[in-house]
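The chain contents come next:
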Amino acid sequence: MGQPVRDYLLTLCVTAAVTYLLTGPVRKFAIAVGAMPAIRARDVHREPTPRLGGIAMFGGLCAGLIVADHLFNLKGVFELSNEPRALLSGAALIWLIGVLDDKFEIDALIKLGGQMIAAAVMVIQGLTILWLPIPGVGTVALTQWQGTLLTVALVVITINAVNFVDGLDGLAAGMVCIASAAFFLYAYRLWMGYGIEAAAPATLFAAILMGMCLGFMPHNMHPARIFMGDSGSMLIGLVLAAGAISITGQVDPDLMKLFEGSEREATHALLPVFIPLVLPLTIIAIPAADLILAIVRRTWNGQSPFAADRGHLHHRLLEIGHSHSRAVLIMYFWSALIAFGAVGYSVHSASSWIVFVIIAASAVGLVLLLMPRFTPRAPHWANRFVPPRYRHRGAEPESAPSSSYGEKPTPVAAGAQQGPSDAQMGEEAVERAPVAVGVSGVNGATAIGARSRFPDRRSIDSSR
């Protein structure tokens, strides 16, 4: 069991390293070709930032698949299944459409058609839902048309859910990484715990997806130096959907041999069979909820469901007073709670303590959600080890800073205690500082120069 884990870890690390190393050159390429759209009304960032980060993520995907094909414990996935090739074909198509959209802003209906074609390409090559385990009914075999329609629907929903949630720096990459980590644990348990070889492709997809997100996140965290764009958000959405399709519609529940014992024991044992119906929904629960709310909101206002606005969940968190970083962490928290809670309950469904842990964690999450202006403070003895925004307001620096020539502080610097400093203002106050309207340039366009730390706090109804 240890060898497959090492192989998966090596695949993940190679994918992350290739994605990370490619993102820098891709960013320069995006600046050179002008893939930096103007600031829109719904955008949170204040400076033009290059897109096309999906190019680096697609390079990481290809590198991960190539490495896995040459590993002893993973090459059987390519020999016994055509799903990795199907994934690569669909990913290449959706990635190409995303690159064109990042550069030329193609129509939403054209993107929707491209998503359906990419899903159909995977279906033709065998990556489709063959049957569904339905509670109270059992395993239901699907016809070719039923499986195709269900597969295309799941791919389109997942891609757009991830695309809709890509509104803050590091948000989409982090949430998909959390979801893929939970999915990896579940798929690996089916493969190694029950000996089901059909779960191996989904396990590989989850490991590669984690590597793609982890390699891109250092460049995409606030303040982002590059955005993944539609070329990246649609790509990771398709990979996530491919893993869900593989584990849901390709794994035969009868292979688990759980239909034995008493009725109560069989009910608890059958939970791993039914969890694939829920897990693909839980790992995208937050993006899917945002997608549904956006469609309802825009339709209610007489707008097109594809019309962009500033009413997404992450925009709401900013409006009620959360900082950019805290809004992202809150979204991370809820995604991890839902995804890992579902996986944990599927493993120990008879343990009631899991339910209490989920309830307690939900209560903590609600408290954090309702306290946007709360800033944690470190103890007095830890003031020198933490950033200034986490120090106590009464804490003073041990030594005054001196100039580069070794001179004593000027009276202006010494009198700075009369007003609140950046260390005393806290993160929210710093991020609410005014920004010059005439600021121009590219966010992190060169290796030198500061990057903007001030998010846009326009109201949702703003037309600018």
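All chains use their own residue numbering, which begins from 1 and follows the written sequence. Only residues with pLDDT of 70 or above have their local features reported here, since the model is predicted, and side-chain atom pairs are shown and tallied only from 80 upward, although totals for entire chains, interfaces and linings are computed over all residues. Working from all heavy atoms in the structure, the side-chain values ignore hydrogens and water.

Enquirer: An account of the overall build of the protein chain is needed here, citing residue identities and associated values.
Expert: Numbered from the N terminus, helices here are DSSP runs of H or I no shorter than four residues, and strands are runs of E no shorter than two. Across its full length, the protein chain holds 17 helices and 2 strands. Burial classes: relative accessible area under 20% of the type maximum marks a residue as buried, over 50% as exposed, and values in between as partly exposed (1.4 Å probe, protein chains only). Per-residue burial over the protein chain gives 47% buried out of 464 residues. Note on areas: these come from Shrake-Rupley sampling with a 1.4 Å probe, and a residue is covered only by the protein chains present in the view. Split by element, the accessible area of the protein chain, about 22,200 Å² in all, is 66% carbon and sulfur.

Enquirer: Could you give an account of the packing of helix H2 (residues 54–69) against helix H9 (residues 229–249), with specific residues and numbers?
Expert: What describes two packed helices is the angle between their axes and the distance between those same axes. The geometry of H2 relative to H9 is characterised by a closest axis approach of 7 Å and an angle of 35 degrees between their N-to-C directions. Across the interface between the two elements, Gly54, Ile55, Met57, Phe58 and Leu61 of H2 pack against Ser231, Gly232, Leu235 and Ile236 of H9. Of the residues in the contact of H2 with H9, the class split is 6 nonpolar, 3 polar and no charged. Lines fitted to the C-alpha atoms define the axes, with helices restricted to the stretch that makes contact. Angles between their N-to-C directions range from 0 to 180 degrees. Contact criterion: two residues are considered in contact whenever any of their non-hydrogen atoms come within 4.5 Å of each other. Note that Gly is not counted as nonpolar here; it falls among the polar residues with everything else outside the nonpolar set of Ala, Val, Leu, Ile, Met, Phe, Trp, Tyr, Cys and Pro and the charged set of Asp, Glu, Lys and Arg.

Enquirer: Give a description of the nonpolar core that names residues and reports values.
Expert: Grouping buried Ala, Val, Leu, Ile, Met, Phe, Trp, Tyr and Cys residues that are joined through side-chain atoms within 4.5 Å yields what is termed a nonpolar core. With 92 residues, the main nonpolar core has Leu61, Leu204 and Leu238 as its most contacted residues. Per-element tally for this core: the top contributor is helix H7 (residues 171–194), with 16 residues.

Enquirer: I'd like to hear about the environment of Gly243, residue by residue, with values.
Expert: Along the chain, Gly243 turns up in helix H9. With 37 residues separating them in the primary sequence, Gly243 and Ala206 have C-alpha atoms 6.7 Å apart. With sequence-adjacent residues up to four places away left out, Gly243 is seen in contact with Phe183, Ala202 and Phe205.

Enquirer: I'd like a rundown of the side chain of Thr203, residues and numbers included.
Expert: For Thr203, the location among the structural elements is in helix H8 (residues 200–220). N or O atoms closer than or at 3.5 Å make up a polar contact, with two conditions inside protein: a donor-capable atom paired with an acceptor-capable one, and, for residues adjacent in sequence, both atoms drawn from side chains. One polar contact links the side chain of Thr203 to the main-chain carbonyl oxygen of Ala199, over a distance of 2.8 Å. Residues in contact with Thr203, not counting those within four places in the same chain, are Tyr8, Phe184, Ala187, Tyr188 and Trp191.

Enquirer: Can you explain the packing of H7 against helix H14 (residues 324–347)? Please cite residues and give values.
Expert: The geometry of H7 relative to H14 is characterised by a closest axis approach of 9 Å and an angle of 10 degrees between their N-to-C directions. As summarised for this structure, H7 and H14 are arranged roughly parallel, according to the angle between their axes. Of H14, the residues touching H7 (which contributes Leu171, Gly174, Met175, Ile178, Ala181, Ala182, Leu185, Tyr186 and Arg189) are Val328, Met331, Tyr332, Ser335, Ala336, Ala339, Phe340, Val343, Ser346 and Val347. Looking at the contact of H7 with H14 residue by residue, the classes come out as 15 nonpolar, 3 polar and 1 charged. Note that the term roughly parallel is reserved for angles under 35 degrees, roughly antiparallel for angles over 145, roughly perpendicular for angles of 65 to 115, and oblique for everything else.

Enquirer: Quick rundown of the pattern of salt bridges? Include the residues and the values.
Expert: In what follows, salt bridge is the name for a side-chain nitrogen of Lys or Arg lying within 4 Å of a carboxyl oxygen of Asp or Glu. As enumerated under the stated definition, the model contains 3 salt bridges in all. Its salt-bridge partner being Lys111, residue Asp230 comes within 2.8 Å of it at the nearest N-O pair. With Asp230 in helix H9 and Lys111 in helix H5 (residues 108–124), the pair connects residues that are 119 residues apart, well separated along the chain. In this structure, Asp230 and Lys111 share a single accessibility class: buried. By sharing partners, the salt bridges in this structure join Asp101, Lys111 and Asp230 into a single network.

Enquirer: Provide a residue-level description of unusual backbone geometry, including the pertinent values.
Expert: Note: most residues except glycine have negative phi, and most peptide bonds are trans. The phi dihedral of Leu52 falls on the positive side, at around 65 degrees, and the residue is not glycine. With respect to the helices and strands, the residue Leu52 is situated in the loop between helix H1 (2–33) and H2. Here the phi dihedral of Glu105 falls at roughly 55 degrees; this positive angle occurs in a residue that is not glycine. Considering the arrangement of structural elements, one finds Glu105 in the loop between helix H4 (83–104) and H5.

Enquirer: Give a description of the environment of Arg27 that names residues and reports values.
Expert: Within the secondary structure, Arg27 is located in helix H1. A residue is classified by how much of its surface remains accessible, and Arg27, at 6% relative accessible area, is buried. Along the primary structure Arg27 and Arg51 are separated by 24 residues, whereas in three dimensions their C-alpha atoms are 7.3 Å apart.

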